[in-house]
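What the coordinates show
Residues per chain are reported as follows:
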Amino acid sequence: MNNPDAVNTNLLSPLSGEEIFDEFFEAAQHFHGYPAPGVILGCYMVEMAKACIPDDILFEAISETSWCLPDAVQLRTPCTIGNGWMRIFNFGLYAVSLYDKFTGEGVRVFIDGRKIGAVDEIANWLLKLKPKAEQNSERLRQQIRNSHHLICSRETIKVGPEYLIKRSQGPIAICPLCREAYPSTHGEICRQCQGDSPYLNRKTRDSKGFETPALKSVRVEEAIGQKILHDMTRIVPGEHKGADFRRGQTITGGDICRLQQMGRYNLYVDDAPIDSHKWIHEDEAAEAFASAMAGEGTRPEGKPREGKVNIVADQSGLLMIDTERLYKFNLIPDVMAAARKNYTKIKEGKRIAGTRAIPLYLSRENFNAAIAVLGEKPLFKVQPFKSAKIGILVTGTEIFQGLVKDKFEGILTGKVLQYECSVVKTIIVPDDRKAITDAVGKLIDAGSEIIITTAGLSVDPEDLTLKGLLDAGATDLLYGAAVLPGAMTVLGRIGNVSLIGVPACALFHKTTSFDLLFPRLLTDIPINRHDLAELAHGGLCLECQTCSFPKCPFGK
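Residues numbered from 1 in each chain as written. Predicted model: local features only at pLDDT ≥ 70, side-chain atom pairs only at ≥ 80, totals over all residues. Heavy atoms only, no water.

1. Some remarks on the packing of aromatic side chains
Scanning the entire structure with this criterion turns up eleven aromatic pairs. Here the aromatic rings of Tyr419 and Phe518 are separated by 5.7 Å at their centres, their planes lie at 75°, and the arrangement is edge-to-face. Taken as a pair, Tyr419 in the loop between helix H12 (408–417) and strand E23 (422–429) and Phe518 in helix H15 (residues 513–521) lie far apart in primary sequence, 99 residues in all. Exposure class is identical for Tyr419 and Phe518. Each is buried. Grouping aromatic residues by their ring pairs yields a cluster made of Phe385, Tyr419, Phe514 and Phe518. Lying across the ring of Tyr419, Lys345 places its NZ or CZ 4.2 Å from the centre. (Phe/Tyr/Trp six-rings, centres within 6.5 Å; stacked < 30°, edge-to-face > 60°. Helix = DSSP H or I, 4+ residues; strand = E, 2+ residues; numbered from the N terminus. Buried < 20%, exposed > 50% of the residue type's maximum accessible area, 1.4 Å probe, protein only. Lys NZ or Arg CZ within 6 Å of the ring centre and 35° of its normal.)

2. Brief notes about the environment of Asp71
Relative to the helices and strands, Asp71 resides in helix H3 (residues 69–76). What makes Asp71 buried here is its relative accessible area of 18%. With 262 residues separating them along the chain, Asp71 and Pro333 place their C-alpha atoms 40 Å apart. Not counting residues within four places of it along the chain, the set of residues in contact with Asp71 comprises Phe31, His32 and Val39. Among the polar contacts listed, one links the side chain of Asp71 to the side chain of His32, at a separation of 2.6 Å. (Contact = heavy atoms within 4.5 Å. Polar contact = N/O pair within 3.5 Å; in protein donor to acceptor, adjacent residues only side chain to side chain.)

3. Here we look at helix H1 (residues 18–32)
Its 15 residues place the ends of H1 20 Å apart at the C-alpha level, agreeing with the 21 Å of an ideal helix rising 1.5 Å per residue. Buried residues of H1: Phe21, Phe24, Ala27 and Ala28, and no others. Relative to the axis of H1, the buried residues are bounded by an arc of 130° and lie together on one face. Exposed residues lying more than 90 degrees from the buried face of H1 are Glu19, Glu26 and His30. Where H1 is buried, its residues touch helix H2 (37–50), H3 and helix H5 (137–147). Just beyond H1, the residue with positive phi is Gly33, at close to 100°. (Expected span 1.5 Å × (residues − 1). Arc of directions from axis to C-beta.)

4. What to know about the packing of H2 against H3
The angle between the axes and the distance between the axes are what describe a pair of packed helices. H3 packs onto H2 with a crossing angle of 55° between their chain directions and a minimal axis gap of 8 Å. In terms of orientation, H2 lies oblique with respect to H3. Remark: the crossing between H2 and H3 carries right-handed chirality. Across from Val39, Gly42, Cys43, Val46, Glu47 and Lys50 in H2, the residues of H3 making contact are Leu69, Asp71, Ala72, Val73, Leu75 and Arg76. Looking at the contact of H2 with H3 residue by residue, the class counts come to seven nonpolar, one polar and four charged. (Axes fitted to C-alpha atoms, helices over the stretch in contact; angles between N-to-C directions. Parallel < 35°, antiparallel > 145°, perpendicular 65-115°, else oblique. Left-handed = near helix turned anticlockwise from the far one by under 90°. Nonpolar A, V, L, I, M, F, W, Y, C, P; charged D, E, K, R; others polar.)

5. Remarks on the side chain of Gln226
Positionally, Gln226 belongs in the loop between strand E9 (216–219) and strand E10 (232–236). A polar contact of 3.1 Å, which involves the side chain of Gln226, links it to the backbone oxygen of Glu222. Non-local contacts of Gln226, meaning those with residues more than four positions away in its chain, are made with Lys216, Val218, Gln249, Thr250, Ile251, Val269 and Asp271.

6. Observations regarding the packing of H1 against H2
Running from N to C, H1 and H2 point in directions that differ by 120°, and their axes come no closer than 9 Å. One element, H1, and the other, H2, form an angle in the oblique class. The two elements H1 and H2 cross, and the hand of that crossing is right-handed. Contacts between H1 and H2 involve Ile20, Phe21, Phe24, Phe25, Ala28 and His32 on the former and, on the latter, Val39, Ile40, Cys43, Tyr44 and Glu47. A breakdown of the residues in the contact of H1 with H2 according to their chemical character gives nine nonpolar, one polar and one charged.

7. Examining the pairing of E10
Looking at chain direction, E10 and strand E11 (residues 240–245) are connected through five bridges and run antiparallel. Across the sheet, residue Thr233 finds its bridge partner in E11, namely Ala243. Turn length for the E10-E11 hairpin, with the two strands adjacent in sequence and antiparallel, is three residues, and the turn residue Gly238 shows positive phi of about 80°. (Pairing = 2+ DSSP bridges.)

8. Quick word on the nonpolar core
Among the nonpolar cores identified, the biggest contains 38 residues, and Met45 and Ile111 are the most heavily contacted of them. Of all the elements, H2 adds the most residues to this core, at nine residues. Apart from residues no more than four positions distant in its own chain, Met45 is found in contact with Tyr94, Ala95, Val96, Val109, Phe110, Ile111 and Cys152. Ranked by size, the runner-up nonpolar core spans 37 residues in total, among them Ala337, Ala353, Phe380 and Val382. (Core = buried A, V, L, I, M, F, W, Y, C linked by side-chain atoms within 4.5 Å.)

9. Some words on the sheet that holds strand E19 (residues 351–357)
The strand order across the open sheet formed by four strands is E14-E15-E19-E17, and the pairing between neighbours is antiparallel. What marks the edges here is a single partner per strand, and that holds for strand E14 (298–300) and strand E17 (335–339). Ignoring strand direction, the axes of neighbouring strands in this sheet form an average angle of 15°. Summarising the sheet, E17 and E19 pair through five bridges and their orientation is antiparallel. Looking across to E19, one finds that Val335 is bridged to Ala357. Across the sheet, helix H8 (residues 282–293) is in contact with E14, strand E15 (308–313), E17 and E19; its angle to E19 comes to roughly 140°.

Here it is in structure tokens:
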């Protein structure tokens, strides 16, 4: 590197000469469509950066705006968007960096806001002080030609190692919907078919006229003796909803009046053969989907009814959902799956999800795409809770001295017993760092698999629980969760022993962050900062006078 200062705001060397300006002007005119001031100035900035890079260095480029400057980089260097040697970070900053592609060391040249006051027309253009029509284009170009070196500064930079990796699309797959090649890292279907297409007029699988196979429809009076093609639902508001007629059922004369009362005057009958290479009946599709979705601790609930198959829990525990693949499955046209909230406490036999095809006959194309998304891993599983040995550490000098009666032990014991856990030991200590540390050791010696600490997690001088846990050897500490009440929760571990710190608000509020996080600890599911941040959506308890948790929006 030609050693520019770490941050050099002094005057940079000008690139003088009418021929250089004319070269930049013509290049911008030809490449950009017109002699844009941003491209011309960008060419000067790129050349100033190149002056700091030795000739034998292979370099790459970063543009910090998507406007004009990337064109200048492509005009004055071998770095282009297509060959991957230029990255664009759209920060909206007029800055360009060139750097050694192996070491990441380089130089950044930028328009310095402290310097543009002396060049009025450049300031009008850059800061949009005047509408474009009112700017003096000729004066602006003249100021760029004469003052480009006066308004820029440079600094040495070092690009992070993650940006020195050779660009690669990765594995390529054929999208099962549009049949086009795409990087498989984008998901089971291409991004256009996921709904990211900018086009309004492309024929997608949702806009092909809702094609169906040729089905035979007859008047209900003519259906006697024929088999119907699908379940038919009767609804009596507030009283009944169910399939009164099942697929394959033979219609009799006694059925006519009831069908008419249901509003059925025409029926699809099982008369003509359907091309199974092109179409699949809703029942068969739903069965295949449910079978692929149901994992450990779950099972499909019998045969399809009304074209739908439910999935139920085969054991009690915590519902775990591959939410990303569930989302991708629902991007496929003409199929759906709906589920209860991820990490919900589930009892054996309870429904956790349902799936179906939307039309009576699903195209094989969409069916195959949906099966491809599901792959070989299930979407749903129910993880059983372990019967953990719990140690409770109550902190608070006022409780230790008997000035205040402890209520934490009773509250927490009641909560953990709901999960068939046992409390092996409870210790009450003052707000003393060493006492907290020693108590943690005693709880571990007593066989605790999970230690629950109470209070001492706020911002007062007496709140020493975190420091005591650290002294006891706590690692992987996560302090703070996007939940109210219970924001000052702490999670961590000491060896194989899990830690969860419950803030003092649990003495007042019946339901807190503890009720959302403790079940996960009982299934040994790792909890990271991302998980705690995701709790924000649904993490506000309404503090109802009569608590109905978990049958409420909290944590959902």
